[in-house]
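Topology and contacts: notes
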Amino acid sequence: MKTLLFLHLLSIHVVFASSPTAVETFNSMGLYWETSGGADVTCKVEYRNTESNQWRPALDLWWAGSEYRGSVLDLKAGTEYEFRLKKGGELATLSKSTWSDAFEITSEKQMSRAQVSVAILEGGSEERGYVVYDFENAIVDADNEGMHCLTIDADYVIVRNGAFINAVDSAIVVEENRHHVVIEGVVVENWGHKVAGYDVSDRIGGITLREGCSQVVIQGCKIGSPRFDAWDWGNGDGAPAGENHPHGAFGIACPDEPARLSNNVIRYNLLQGKVGHRLEDGMGAFTGNFSEQGFPGHDSDIYGNHIEYCVDNGIESEGGGMNIRVYNNYIDHAYTPLGTKAVSLGPAYFIRNVAWRSLPAEGRSMKFFKGGGEGMRYFLHNMTLSNAKNCYNR
């Protein structure tokens, strides 16, 4: 009898749920709960400011095969929140604070007003805070000879103000694996070089994030037009014979395979191509769109940006797409305002984005977004504007 009971106990499979975890930005929180479940088992989320007694509902977490995950948006910066996750009879809680808009500063450096190229090699630390490099009233002019105007190869760095112009390649580069870098209030203009043998821009970002960058904030910047135009879909003007996909400069880009970006915020920027100097994409990665990496990297936010004149995507947020949030952006004159074709992990959120006036390619009509991949995507309250004369939507 004892032997039979022992064998029966051995046949029982017990799953112990781990504690949920969270990854924060200024206004969002990515939630993860590795536990038992399934697509038919709902995981509810409630949250509250820890100084409030009022619980508010959020979107349910999505079952991703081995865990529940999802995001809570529209949170206040620098605020502690409590989250309550409910699944069947299980209840789990956790608390975490969003990033503060007020950065801890350890020192400030006033940069000279006229320079050809600058390399930032000294930063702060988590304990000491950020080192600020203020380029107020400065113009860093690569004079069409220097590859870059500014390279950042340090952590805990803030770059403020200044104009960065006439770079042969990217105007500003954040080097590999750098983290806690803030670029704010800068102006980037007239960067890039041609594709060899053709009168169009090569794929070069006005601001470039190299592989492995995390917790990079790009905010309040104006990224103007590249030196050369891009070619559009369908073997556009200046394209090599048989070249179908657009090719040109990006406003913000990661050129590396497979990108490995994470936990970045791109907000309140103006990315502004123009006729004859159009962008391929407003922002995105050159590769990794069909990987589990891609742009902008997991647990990242893109919001409040104004983007114009892109022959392909205004925002190309493709790849893993795990807890990325793209919201409150305005995109004008783009072939496909939101590129989400390959979300392999998810969930990704596209909320309250507005698009106006397409750049249709010959034989193709505008698509507000493109979709594909196995990861979950949420499209909520997005809007296209058009007039009857120039309406290419379908």
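For the structure given in this document, a descriptive report is provided here. (Residues numbered from 1 in each chain as written. Predicted model: local features only at pLDDT ≥ 70, side-chain atom pairs only at ≥ 80, totals over all residues. Heavy atoms only, no water.)

What to know about the overall build of the protein chain
For the protein chain, the helix and strand inventory stands at 1 helix and 34 strands. Of all 394 residues assigned to the protein chain, the portion counted as buried reaches 55%. Summarising the internal contacts of the protein chain: among those between residues at least 6 apart in sequence, 73% fall at separations of at least 24. By element, 49% of the accessible surface of the protein chain is carried by carbon and sulfur atoms, the whole surface being about 17,300 Å². (Helix = DSSP H or I, 4+ residues; strand = E, 2+ residues; numbered from the N terminus. Buried < 20%, exposed > 50% of the residue type's maximum accessible area, 1.4 Å probe, protein only. Contact = heavy atoms within 4.5 Å. Areas by Shrake-Rupley, 256 points an atom, 1.4 Å probe, with all protein chains shown as cover.)

Considerations on the sheet that holds strand E1 (residues 21-24)
In space, the 7 strands of this open sheet follow the order E1-E2-E5-E4-E3-E6-E7, with antiparallel pairing throughout. The two strands at the open ends of the sheet, each matched to only one other strand, are E1 and strand E7 (90-97). Direction aside, the axes of adjacent strands within the sheet are offset by 25° on average. Here strand E2 (residues 29-33) runs beside strand E5 (residues 68-72); their pairing, made up of 5 bridges, is antiparallel. From the neighbouring strand, Gly30 faces E5, where its bridge partner is Ser71. (Pairing = 2+ DSSP bridges. Axes fitted to C-alpha atoms, helices over the stretch in contact; angles between N-to-C directions.)

Things to note about the pattern of salt bridges
Under the definition given, this model contains 21 salt bridges. The partner of Lys44 in a salt bridge is Asp60, and the shortest N-O contact between them spans 3.6 Å. Residue Lys44 is located in strand E3 (residues 43-49), and its partner Asp60 is located in strand E4 (residues 56-63); the two are separated by 16 residues in the primary sequence. Given a relative accessible area of 28%, Asp60 falls into the partly exposed group. Here Arg278 makes a salt bridge to Asp229, at a shortest N to O gap of 3.0 Å. In this pair, Arg278 is assigned in the loop between strand E24 (270-272) and strand E25 (281-285) and Asp229 in the loop between strand E21 (222-223) and strand E22 (250-254), connecting sequence segments 49 residues apart. Across this residue pair, the class does not change: Arg278 and Asp229 are buried. (Salt bridge = Lys/Arg side-chain N within 4 Å of Asp/Glu carboxyl O.)

Side note on the nonpolar core
Ranked by size, the top nonpolar core spans 58 residues in total, and within it Phe135, Ile152, Phe164 and Ile172 carry the most contacts. In this structure, Leu31, Val45, Val72 and Leu85 belong to the second largest nonpolar core, which totals 18 residues. (Core = buried A, V, L, I, M, F, W, Y, C linked by side-chain atoms within 4.5 Å.)

Things to note about unusual backbone geometry
For the bond running from Phe295 to Pro296, omega is 0°, close enough to zero to count as cis. Its location among the elements puts Pro296 in the loop between E25 and strand E26 (301-303). Gly346 connects to Pro347 through a cis peptide bond whose omega is 0°. Even without being a glycine, Asn263 presents a positive backbone phi close to 60°.

Some thoughts on the pairing of E4
Looking at chain direction, E3 and E4 are connected through 4 bridges and run antiparallel. The residue bridging Val45 from the neighbouring strand is Ala58, located in E4. From the end of E3 to the start of E4, which pair antiparallel, there are 6 residues. One ladder, built from 2 bridges, connects E4 with E5; its direction is antiparallel. Paired with Trp63 across the bridge in E5 is Tyr68. The loop that links E4 with its antiparallel partner E5 comprises 4 residues; one of these, Gly65, has a positive phi angle of about 100°.

Some points on the sheet that holds strand E30 (residues 348-351)
Overall, parallel pairing links the 10 strands, which are arranged E8-E11-E14-E17-E20-E23-E26-E28-E30-E33 in an open sheet. Each edge of the open sheet is held by one strand with a lone partner, namely strand E8 (105-110) and strand E33 (377-380). Here the average twist between neighbouring strands, direction ignored, is 10°.

What about the environment of Gly123?
Assignment of secondary structure puts Gly123 in the loop between strand E10 (118-120) and strand E11 (130-134). Separated by 33 residues in the primary sequence, Gly123 and Tyr156 have C-alpha atoms spaced 5.3 Å apart. What Gly123 contacts, discounting residues up to four positions off in sequence, is Arg128, Val131, Ala154, Asp155, Tyr156 and Val157.

Some points on the side chain of Ser71
Within the secondary structure, Ser71 sits in strand E5. Owing to a relative accessible area of 4%, Ser71 belongs among the buried residues under this scheme. At 2.8 Å, the side chain of Ser71 and the side chain of Asn323 are in polar contact. Excluding its chain neighbours within four sequence positions, the residues that come into contact with Ser71 are Met29, Gly30, Asn323, Arg325 and Tyr349. (Polar contact = N/O pair within 3.5 Å; in protein donor to acceptor, adjacent residues only side chain to side chain.)

Here's the deal with the packing of aromatic side chains
All chains considered together, the criterion is met by 15 aromatic pairs. Plain terms: the ring middles of Tyr268 and Tyr303 are 5.5 Å apart, the flat faces sit at 90° to each other, and that makes the pair edge-to-face. Of the two residues, Tyr268 is situated in the loop between strand E23 (265-267) and E24 and Tyr303 in strand E26; the sequence distance between them amounts to 35 residues. Judged by its relative accessible area of 48%, Tyr268 falls in the partly exposed class. Linked through ring pairs, Phe26, Trp99, Phe103, Tyr130 and Tyr156 together constitute an aromatic cluster. Just above the ring of Phe26 sits the side chain of Arg267; from NZ or CZ to the centre is 3.9 Å. (Phe/Tyr/Trp six-rings, centres within 6.5 Å; stacked < 30°, edge-to-face > 60°. Lys NZ or Arg CZ within 6 Å of the ring centre and 35° of its normal.)

Thoughts on the environment of Ile252
When you line up the elements, Ile252 lands in strand E22. For the pair Ile252 and Ile172, spaced 80 residues apart in sequence, the C-alpha separation works out to 9.6 Å. With near-sequence residues (within four places) excluded, Ile252 lies in contact with Ile207, Ile218, Ile223, Ile266, Leu271, Gly282, Met283, Gly284 and Phe295.

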